[in-house]
Amino acid sequence: MCVGLPAKVTELKDGVAVINAGGAEREVSSEMIADLAPGDYVMVHAGMAIAKITGDDEAQAEDVMDGLEDLLS
Amino acid sequence: MNETITLAHGSGGRQTSELIGDLFKKYFDNDLLTADDAAVLPRPEGRLSMSTDGFIVSPAEFPGGNIGKLSICGTVNDIACMGAAPLYLTCGFVIEEGFETARLERIVESMAKTCKEVGVKIVAGDTKVAGKGQVDGVFITTTGIGVLPDDMHTGGACAQPGDCVIVTGDVGRHGCTILLERNEFKIKADVTSDCAPLSTAVDAAMGVTHDLHVVRDATRGGVGTVLYEIADQAGVGVTLNAKDIPVDETVRGVCDMLGLNPLYLACEGRLVLVAPAEYADGLIAALRETPYAKDAAVIGEITEANPGKVILNTEIGTKTILPLPGGELLPRIC
Amino acid sequence: MSDRKPTAAERAAEIITSYDGPPIRIMEVCGTHTHEIFRLGIRGMLPENIRLISGPGCPVCVTPVGYIDEAVWLALEKGCTLCTFGDLIRVPGTELSLAGARAKGAKVEMVYSPVDAVDYAEAHPDEQVVFLAVGFETTTPAACVAVRKAKEKRLSNFSLLTANKTMDNAYRALNGAADAFLYPGHVSVVTGTDIYQKLRDEVGMSGVVCGFTGPEILTALALIVRGVQKGEPFFANAYPRVVTDEGSPEGRALIAETMECVDTEWRGLGVIPQSGLKLREEFAAFDARLKYGIPPMEGRANPACRCGDVLQGILRPDECPCFGTACIPEHPVGACMVSDEGACSAFYQYNIE
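Computed from a prediction, not measured in an experiment: that's the story for all the values here.

I keep staring at the nonpolar core and nothing clicks. Help me out?
Here is a general trend for soluble globular proteins: nonpolar side chains tend to be buried in one another's company. In terms of nonpolar packing, the biggest core is built from 170 residues, with Leu74, Phe158 and Tyr171 of chain C touching the most fellow members. Residues contacting tyrosine 171 of chain C, with those up to four places away along its chain left out, are Val29, Tyr183, Pro184, Val187, Ile195, Tyr196, Leu199 and Met205 of chain C.

Before we go on, may I ask you to explain helix H1 (residues 14-28) of chain B in this structure?
One turn of the α-helix equals 3.6 residues, which is why residues spaced by three or four share an orientation. Here H1 of chain B is 15 residues long and its end C-alpha atoms lie 20 Å apart, about the 21 Å a rise of 1.5 Å per residue gives. Among all positions in H1 of chain B, only Thr16, Leu19, Leu23, Phe24 and Phe28 of chain B are buried.

Help me out: how do you make sense of the interface of chain A and chain C in this one?
The figure often quoted for interface size is the accessible area lost as the parts come together. Counting residues at the interface gives 36 residues for chain A and 55 residues for chain C. In total, about 3,600 Å² of surface goes out of reach between chain A and chain C, with carbon and sulfur atoms giving 62% of it. Counting across the interface, chain A meets chain C through 6 salt bridges. A salt bridge links lysine 230 of chain C to glutamate 69 of chain A; the shortest N-O distance between them is 3.8 Å. The tally of links from chain A across to chain C stands at 14 residue pairs in polar contact (both at pLDDT 80 or more). Contributing elements (two or more residues each) for the side of chain A that touches chain C: strand E3 (24-29), strand E4 (41-45), strand E5 (48-52), helix H1 (57-66) and helix H2 (68-71) of chain A. Among the elements that take part in the side of chain A that touches chain C, H1 of chain A stands out by supplying 8 residues, more than any other.

Hey, could you run me through the side chain of aspartate 116 of chain C in this one?
On the secondary structure map, aspartate 116 of chain C appears in helix H6 (residues 114-123). Overall, aspartate 116 of chain C belongs to the buried group, its relative accessible area being 4%. A polar side-chain atom of aspartate 116 of chain C sits 2.8 Å from a polar atom in the side chain of arginine 26 of chain A.

Can you walk me through the interface of chain B and chain C in this structure?
Counting residues at the interface gives 22 residues for chain B, matched by 32 residues for chain C. A combined buried area of about 2,400 Å² lies between chain B and chain C, and 58% of that area is made up of carbon and sulfur atoms. Summed over the shared surface of chain B and chain C, the number is 3 salt bridges. Taking the shortest distance from any N to any O, the salt bridge between glutamate 315 of chain B and arginine 39 of chain C comes out at 3.4 Å. Summed over the shared surface of chain B and chain C, the result is 4 residue pairs in polar contact (both at pLDDT 80 or more).

How should the confidence of the model for chain C be read in this particular structure?
Reading predicted coordinates in detail is not appropriate for stretches of low pLDDT. Averaged over all residues, the pLDDT of chain C is 93; the fraction at 70 or higher stands at 99%. In the predicted assembly, ipTM is 0.95 and pTM is 0.91.

Got a minute to help me understand the pattern of salt bridges in this structure?
Any two side chains of opposite charge can pair, so long as their charged atoms come close to each other. Residue and element names in this part refer to chain C. Counted under the stated rule, the structure contains 40 salt bridges over all chains. In this structure, glutamate 127 and lysine 107 form a salt bridge, with 3.3 Å as the shortest nitrogen-oxygen distance. On the criterion of sequence distance, the pair formed by glutamate 127 in the loop between H6 and strand E5 (129-135) and lysine 107 in strand E4 (residues 107-110) is long-range, its members being 20 residues apart. The exposure class assigned to glutamate 127 is buried, which follows from its relative accessible area of 15%. Of the charged contacts, one joins glutamate 260 and arginine 280 as a salt bridge, the two residues approaching to 3.9 Å between their closest N and O atoms. Note that glutamate 260 is positioned in strand E10 (residues 259-266) and arginine 280 in the loop between strand E11 (270-279) and helix H13 (288-292), a separation of 20 residues in sequence. Classification of glutamate 260 as partly exposed rests on a relative accessible area of 28%. Residue class for arginine 280 comes out partly exposed when judged on its relative accessible area of 29%.

How each quantity is defined
Residues numbered from 1 in each chain as written. Chains lettered and ligands numbered in written order. Predicted model: local features only at pLDDT ≥ 70, side-chain atom pairs only at ≥ 80, totals over all residues. Heavy atoms only, no water. Core = buried A, V, L, I, M, F, W, Y, C linked by side-chain atoms within 4.5 Å. Buried < 20%, exposed > 50% of the residue type's maximum accessible area, 1.4 Å probe, protein only. Contact = heavy atoms within 4.5 Å. Helix = DSSP H or I, 4+ residues; strand = E, 2+ residues; numbered from the N terminus. Expected span 1.5 Å × (residues − 1). Buried area = accessible area lost by both parts, 1.4 Å probe. Salt bridge = Lys/Arg side-chain N within 4 Å of Asp/Glu carboxyl O. Polar contact = N/O pair within 3.5 Å; in protein donor to acceptor, adjacent residues only side chain to side chain. pLDDT = per-residue confidence, 0-100.

Shown next as structure tokens:
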């Protein structure tokens, strides 16, 4: 339902962030993330930065698999 | 000459002569292009290949080319794909009233430049001017003739199981360039069209072997569409390795933003070659020596299994189908 | 092969492919999951006793026919310019899709973001612009930002035709449709994970929040297999690099300050109480239904279409009598065949032996 694009924030001004994904740039709204800073990686959807990204998927997968039994609560 | 093209330029009178003399003749001049009703050409040796194509593109000028360069490359590439050396072209213009003359000159100039590079002559032409709003800027139709060796027999139906599938560079760049130029999605990116004449690339491949089963230029619908055409015509399957398909990083970024697949974005300077696998290394080496195929790569193979389908070996080691191309490219967002 | 340690994705794949217990039904409730699962060929690696069901997670697929009819009416009867995501263009209405309306002269502009539709309205003051606001918690904040911007700029030629939906009550309506759910990663970005703990504790629903890359989907599926084997309702977040427990308070506030909950119809599922959103009173001037007095639209779906049963996992797409004959992506009968994220379209396009 919600195509997300991981991208890097390069500029921020008045609730608008410029994001860069592999060289493709676009202005998006940053109103959903209070403490955004240039250099942060965000998930972008429909012209909005919806969340910060705090790591890569492979490292996360390692953590999930290592903690498999504990995660299931 | 006037700053813009008017209906009078298409009326056949003095202004038509002026347009032809100041613009078309100035750039297209050669010994076979005369003021008579038709060109008279020497009889070429060997079999002929002939093709025609109409070009409409908005915007008419874009990074890496314009509709003029496109109109020459398009027909030259179609002829080259049969293994033929392009000899002669004709071109027909339909120009919208009010079109800027300087812009038309840039277009004509790049047509001449591309013709010179390829070694092909424009031997006949036609100009019409249509009323404002009847066409979008300028439409160009080119028709071309080339000559090919007797032992060249390529065609979509000739692909055979075991053949390798080669693409001559990164995919989807032209379509991405046009999408960015239209600025409908307000994405900024430094992407240049791959628009290029491919006769030297085909020539290089023919230097390795004439046993090229399929040579096709991936235009509208991109490489994905061409592969489906081949699978359908030859009744074979195509298996691609996702990780081997060259895609420019920025094109990938734009596609990811809009949920598009670069395999379905248009190219205007990329060949898909299908040939016996034993020639793969030789073909790649020869292609990479030519100016527009420096990133040529083997991306897959022809199979007996899965006839009519294009299968992808994915980045996680599974197999999946490349979905059939749809009609209009619609960004997927929500 | 070398002795290298297997990657997490390989370990996850091992858990999934070696599963030989009782059948597990897993429902993904996100169209992008459906799309990525097919694109990555993940169905092909599942053992027979793990079945994936594509649930109602594609906004296009759950948008009722009447909504398209409303949009077509606005364009053709009122001359409005429709701004829309590309996803909606080909969805059949009772008589016309947006593409069909466009061929009859309707002005339809594709946009990447709802805010772009506001910019379009500002640049075209002589046009009446309506943005087709579909989507779930992830997409709705952008529509809210758009309408607030339009209000701030005092634009009188911009409005929203809302069909925004929320997932919480939809999950509850789906209770029992599967043994476990792949919860939508980007909806969870906004909602946070409390709702899933409640679903586990209150109604015994199990599921895992899942990201969208190969390793993410595989690890989430592995968690589900292990969870089901434990035999107790469970919840886990397998997408913590993006989804936090608390979600996005800012996103939820944007929605709450701009829109309010209403009962709404889901194609195939019927009306689900308090699962839709409409603009609050203070934004009434931007509500296309009020602004143009859109008459009630019945919205007749093709009676042969079984999208509803497909969305609930009652019917597999290829078990529908229309599938692949009357209903193909080029001539869709139902919405699930239109969207690239629709279950039927995915089944049709990825039909691999």
